[in-house]
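Geometric and topological summary
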Amino acid sequence: MTVAYVFSEDQGMLADSVARFLERDYPPARRRAALTAGFDEMLWQGLANLGLFGALFDEDQGGFGGPVETMALFGPLGRHMALAPVLECMVTAGSILAASTLGPDHTEALTTGTMRPALATLEGQARDPWDVTAVALPMSGGMLSGAKRWVQGGDAATHFLVTARDGGALSLWLVAADAPGVSVTSSLRIDGHGIAEVTFDSSPGTLVASGDEAARLLSLGLDRGAMAACAQAVGEMDALMEATPEYLRGREQYGVPLASFQALQHRMADMFVALECARSLCWHGTLAFERPEADRRAAVAAALVQVGRSARFIGQQAVQLHGGMGMSEEMPVAHHFLSLTTFGLVRGAEPLHLRRFEAATDPERT
Amino acid sequence: MTRHLDPGFTEADEAFRSELRAFIEAELDPAVRDAVGRGASVTKAQHQAWQRKLAAKGWLAPNWPKEYGGAGWNSVRRFIFDEETALMDTPRGNVPAIDLVGPLICTFGTEEQKARLLPGILSSEDWWCQGFSEPGAGSDLASLRTRGLRDGDDWIVTGTKLWTSHAQNANWMFALVRTSEHPKKQGGISYLVFPMDSPGVSVTPIITLGGVHAVNQVFLDEVRVPGANLIGAEGDAWRMTGYVLGLERLVGAGIGHSQRLLKHLRDVLKTGPLAEDRAFRDRVAALHTDVLALKYTAHRVLAAEMAGEPAGTVVSVLKLKGAAVQQDLAEAIMEAAGPVAAVSPRAEPLDLPADEDALLWTATTYLDRRKLSIYGGSSEIQRNIIARRILKI
Ligand SMILES: Cc1cc2nc3c(=O)[nH]c(=O)nc-3n(C[C@H](O)[C@H](O)[C@H](O)COP(=O)(O)OP(=O)(O)OC[C@H]3O[C@@H](n4cnc5c(N)ncnc54)[C@H](O)[C@@H]3O)c2cc1C
């Protein structure tokens, strides 16, 4: 086998340094305080100061990493539930910008964390985040007008990557958040991450790409973001897979530890199976960026289906096995359950991924 | 809307159903009905206002005998009441008072206790909380450690109650208290009731998933409870609890709530990317058959009760299946709602159109419904009961 499905020493060190930083500087109490406050500038700065954002970008794009390094970093970000828009701004939008012809102008600002772009595609009734060509803002002469919705990380964004259409082909534009006519209404998701609606009124933008190239970049960015989200969810599930047996070993009812009940042991065994299946397809999707686009799409869709299912099952069962404790905000398990619940809501529902999987899969190959 | 008669229900039952619907339509504040429908929170004052309307009609206490101010309904009427109030989004009111401590006092209380404690429930002045669970006594409730020591005619109660729903709004608690040593842990437990402003009672909030404050930790530090506040015989609470919970087994299945969630799911599915999705529509249809399975299981129990026969083992299906069906429905609703469900209803609002605004609480409802398989005898405990008592394994 040419692939080991384990992190290299360097990749492991990346993960360790994020984990150490979060363990030291981001205790649960601090996270809870930030949960309703919106963008945590200090956390962002702390993460940026580690100098690891470069690991999210490919070497030929001014970074020193790629998909696997991204996977390595997002495990601990999930385990510690860092409320920072690294996924949305650095991976989804960041990878689009970095891979575009504008890339070289922005990699420095991206890798140092001073630039935080957010992808703004959905509008009106459109709700499938993957169907990027369904809607687009009208534009003329480099000026955009209209409203974008469900902009993940939009509350903290310094820039927006906006889909628009000038009569014909889809195009992708970079608009500064402080450009004339841009107004941002921010809110929070149930997991504490930011979300925004953004309106543009004759706002000036810079062309990033158009036509097939725009479509290629969007698909790439969404897939990169999806795999980072999968890695993050696996990190969260790892945390639950450790916390649940530990809790049940410590809690006694009927004069014995709850962990001694076979019904609960079997449930945890099922959680373990779900977790490892999620991890396998997380690897498979992460390594698919080397492969032809159709293969990549199928692998990413498969990962979204499996991770979504595992996230739901493991989240629900971790709460169930903690009893009332699992519902208390004092317990990390409740917070992991919230973020694992958001996974499915933000990345799109399972039937949408199944359809994309089917469309991208060669039925003769398994 | 025309309704067809369900098998076994009489014209008179259906007339009652219509009367009830008309009453709710006319009397329930539309804003409150809307809030309940979307899963948003309802204030104590709003619960009280609705309880007072029901009380004026004589419908507040379905399970109490008429002589004590109850509705005096048979099982079918109670079932219809539960179904329609859920379907029409009425606030649930002070459930521990109406469904638990009320029937307890009606059945086991002295005449003095009935005269003293029941009117406050019916007038909605008194709000009760249920002090059963403790930090060390969850599923294994009989291991509870809150102690009552005799001091003359009084009891001095010390211990900690956990997960006490709405203790912050309550002015009375009914608590399970260990009042004597007994070889079996189910023995020696008594029902004591006391005002929440008694010296030594303190309430600490517990915030649950999604920022909800519904449960609390209640510390009892040498709380003096007069002997007149012991309900039933000393040491007999375990048996009494079994009796009272037995009254609730049909309501506990939440059949009306499942039907309501199913209706909500169909409404949500009218728009959005899943509206035309064949697989998702199949899932909705399957959930519908689940609701029917639950409903007709309840009808079998009802039929037995009306015939004066023991309902038998099928009752145990209701709580287990009822919890699972409500949870599955809440999950499907949230998924059908899409990205709006991920937005916190408690954060700064986005400028949402009305139909989407109504979906803001769908994740909160999903999260909250996880409790159904935890409290009132968890789903694992229900399975143990089925395996041991019914299958005799
Ligand atoms: C929202 C909410 C409101 C509540 N309101 C009230 C209230 O008003 N008053 C009140 O007194 N209590 C209340 N409760 C408490 C509720 O009754 C307890 O949560 C319940 O009894 C479970 O106990 P526990 O939470 O300690 O879980 P535990 O008993 O610790 O159980 C943890 C897990 O172990 C499983 N388990 C336990 N024993 C076994 C076994 N023998 N075999 C297999 N699995 C087992 C359980 O099913 C569960 O999954 C409330 C709880 C919640 C969540």
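Residues numbered from 1 in each chain as written. Chains lettered and ligands numbered in written order. Predicted model: local features only at pLDDT ≥ 70, side-chain atom pairs only at ≥ 80, totals over all residues. Heavy atoms only, no water.

Across its full length, chain B carries 14 helices and eight strands. Rg of the C-alpha trace for chain B: 22 Å, near the compact-globule value of 21 Å for 393 residues, within the 12% margin. When the 393 residues of chain B are sorted by exposure, 54% land in the buried category. Within chain B, residue pairs in contact and separated by at least 24 positions form 71% of the contacts whose partners lie at least 6 positions apart. In the form shown here, chain B has an accessible surface area of approximately 16,800 Å², with 54% of it arising from carbon and sulfur atoms. Positive and negative side-chain charges of chain B, numbering 44 and 48 respectively, have mean locations separated by a distance of 5 Å. (Helix = DSSP H or I, 4+ residues; strand = E, 2+ residues; numbered from the N terminus. Rg over C-alpha atoms; globule rule 2.2 N^0.38 Å. Buried < 20%, exposed > 50% of the residue type's maximum accessible area, 1.4 Å probe, protein only. Contact = heavy atoms within 4.5 Å. Areas by Shrake-Rupley, 256 points an atom, 1.4 Å probe, with all protein chains shown as cover. Lys, Arg positive; Asp, Glu negative; His and termini not counted. Charge placed at Lys NZ, Arg CZ, Asp CG, Glu CD.)

Here we come to the overall build of chain A. In terms of helices and strands, chain A carries 11 helices and 10 strands. The C-alpha atoms of chain A give 21 Å as radius of gyration, which agrees with the globular expectation for 366 residues (21 Å, within 12%). Taking the principal axes of the C-alpha coordinates as reference, chain A spans close to 75 × 50 × 40 Å. For chain A, with 366 residues in total, the buried portion stands at 61%. Considering only contacts in chain A between residues 6 or more positions apart, those separated by 24 or more positions represent 73%. For chain A, the accessible area works out to roughly 14,200 Å², and carbon and sulfur atoms hold 54% of it.

The next thing to look at is the pattern of salt bridges. A full pass over the atoms with the stated rule returns 48 salt bridges over all chains. Two residues, B:Glu25 and B:Arg33, come together in a salt bridge whose shortest N-O distance is 3.1 Å. Take B:Glu25: its relative accessible area is 51%, and that puts it in the exposed class. Residues participating in the shared-partner salt-bridge network are A:Arg309, A:Arg312, A:Glu350, B:Arg283, B:Glu331 and B:Glu335. (Salt bridge = Lys/Arg side-chain N within 4 Å of Asp/Glu carboxyl O.)

Looking now at empty space enclosed by the protein. Residues and elements named next belong to chain A. The full count for this structure, using the stated rule, is six cavities of 30 Å³ or more. Its volume calculated, the largest cavity comes out at about 380 Å³. Around the largest cavity, the lining is made up of 34 residues, and of these Ala84, Arg189, Asp191, His193 and Gln232 lie nearest the centre. When residues of the lining of the largest cavity are traced back to their parent elements, those giving at least two are helix H4 (67-79), helix H5 (86-99), helix H7 (211-250) and helix H10 (332-347). (1 Å grid on protein atoms, 1.4 Å probe; cavity = no way out; pocket = protein on both sides within 12 Å on 5 of 7 lines; lining within 4 Å. Points joined across faces, edges and corners; volume = space filled by probe spheres on them.)

Below, the discussion takes up the pairing of strand S4 (residues 172-178) of chain B. All names here are of chain B. With seven of its seven residues buried, S4 lies for the most part within the structure. Here S4 shows a buried face lined by Trp172, Phe174, Leu176 and Arg178 and a second buried face lined by Met173, Ala175 and Val177. When S4 meets strand S5 (residues 189-195), the two strands line up antiparallel, connected through seven bridges. By the bridge assignment, Leu176 is partnered in S5 with Tyr191. (Pairing = 2+ DSSP bridges.)

Once that is clear, we can look at the interface of chain A and chain B. With 43 residues of chain A at the interface, the matching set in chain B holds 54 residues. Summing the contributions of chain A and of chain B, the shared interface buries around 4,000 Å²; its carbon and sulfur component is 60%. Among the residues of chain A in contact with chain B, A:Arg127, A:Met327 and A:Leu345 are the three that bury the most area, contributing 20% of the side total. At the boundary of chain A and chain B, one finds five salt bridges. (Buried area = accessible area lost by both parts, 1.4 Å probe.)

Before going further, it helps to examine the packing of H7(A) against helix H8 (residues 262-287) of chain A. Residue and element names in this part refer to chain A. Axis separation between H7 and H8 bottoms out at 10 Å; the angle between their running directions is 160°. Between H7 and H8, the interaxial angle falls into the category roughly antiparallel. For the pair H7 and H8, the crossing hand works out as left-handed. Taken together, the residues of H8 that come into contact with H7 (itself represented by Met227, Cys230, Ala231, Val234, Met237, Asp238, Met241, Thr244, Pro245 and Leu248) are Leu264, Met268, Met271, Phe272, Leu275, Ala278, Arg279, Leu281, Cys282, Gly285 and Thr286. When grouped by side-chain class, the residues that make up the contact of H7 with H8 number 16 nonpolar, three polar and two charged. (Axes fitted to C-alpha atoms, helices over the stretch in contact; angles between N-to-C directions. Parallel < 35°, antiparallel > 145°, perpendicular 65-115°, else oblique. Left-handed = near helix turned anticlockwise from the far one by under 90°. Nonpolar A, V, L, I, M, F, W, Y, C, P; charged D, E, K, R; others polar.)

Take the UniProt feature "domain: Acyl-CoA dehydrogenase/oxidase N-terminal" (unreviewed entry) in chain A next. This chain's UniProt record puts "domain: Acyl-CoA dehydrogenase/oxidase N-terminal" (unreviewed entry) on residues 8-82 of chain A. Between the first and last C-alpha atoms of residues 8-82 of chain A the distance is 24 Å; the span itself is 61% helix and 0% strand. (UniProt positions renumbered as here; feature names shortened; annotations may be inferred.)

Residue and element names in this part refer to chain B. Annotation of chain B at the domain level lists domain 1 (11-93), domain 2 (128-235) and domain 3 (249-391). One C-alpha centre belongs to domain 1, the other to domain 3; they are set 20 Å apart. Across the contact, 15 residues belong to domain 1 and 17 residues belong to domain 3. Across the interface of domain 1 and domain 3, roughly 1,600 Å² is buried in total on both sides, 59% from carbon and sulfur atoms. Of all residues in domain 1, the largest losses of buried area upon contact with domain 3 belong to Arg38, Phe79 and Leu87, amounting jointly to 38% of the total for that side. Where domain 1 touches domain 3, the interface holds two salt bridges. The salt bridge involving Asp89 is made with Arg260; its shortest N-O contact spans 2.6 Å. Seen at the junction of domain 1 and domain 3, the total is four residue pairs in polar contact (both at pLDDT 80 or more). Of all the elements, helix H4 (residues 75-87) adds the most residues to the side of domain 1 that touches domain 3, at seven residues. Class assignment for the residues of the side of domain 1 that touches domain 3 results in five nonpolar, five polar and five charged. (Domains from an automatic or database assignment. Polar contact = N/O pair within 3.5 Å; in protein donor to acceptor, adjacent residues only side chain to side chain.)

All names here are of chain B. Along the chain, Phe174 falls in strand S4. With a relative accessible area of 1%, Phe174 lands in the buried category. Between the C-alpha atom of Phe174 and that of Trp128, which follows or precedes it by 46 residues, the distance is 7.3 Å. With sequence-adjacent residues up to four places away left out, Phe174 is seen in contact with Pro96, Leu100, Val101, Trp128, Cys129, Gln130, Gly131, Phe132, Tyr191, Leu192 and Val193.

Now for the UniProt feature "domain: Acyl-CoA dehydrogenase/oxidase N-terminal" (unreviewed entry) in chain B. On the UniProt side, "domain: Acyl-CoA dehydrogenase/oxidase N-terminal" (unreviewed entry) is annotated at positions that read residues 10-125 of chain B here. For the annotated span residues 10-125 of chain B, helix accounts for 68% and strand for 0% of the residues, and the straight-line distance between the end C-alpha atoms is 36 Å.

The next thing to look at is the confidence of the model for chain B. Scored by pLDDT, chain B comes out at a mean of 93, with 98% of its residues at no less than 70. Both scores are available for the predicted complex, with the pTM at 0.96 and the ipTM at 0.96. (pLDDT = per-residue confidence, 0-100.)

What follows covers the site of the ligand. Residues in contact with the ligand amount to 27 residues; listed here are only the nearest, A:Arg251, A:Gln320, B:Ser139, B:Ser378 and B:Glu380. Residues near the ligand are shared among chains A and B, making this a multi-chain site. In the model, an oxygen atom of the ligand is placed 2.7 Å from a nitrogen or oxygen of the A:Gln320 main chain. In the environment of the ligand, an oxygen atom lies 2.9 Å from a nitrogen or oxygen atom belonging to the backbone of B:Phe132. About the coverage of the ligand: the protein hides 92% of its 970 Å² of free accessible area. Looking at the shell around the ligand, the elements that each hand over two or more residues are helix H9 (293-322) of chain A together with helix H14 (379-390) of chain B. It is H14(B) that contributes the most residues to the shell around the ligand, three residues altogether. (Near = heavy atom within 4 Å.)

Quick look at the nonpolar core now. Residue and element names in this part refer to chain A. Ranked by size, the top nonpolar core spans 197 residues in total, and within it Val86 and Met237 carry the most contacts. Per element, the largest residue contribution to this core is 18 residues, and it comes from H7. For Met237, the contacting residues outside a window of four places in its chain are Leu275, Ala278, Val307, Ser310, Ala311, Ile314 and Leu340. (Core = buried A, V, L, I, M, F, W, Y, C linked by side-chain atoms within 4.5 Å.)

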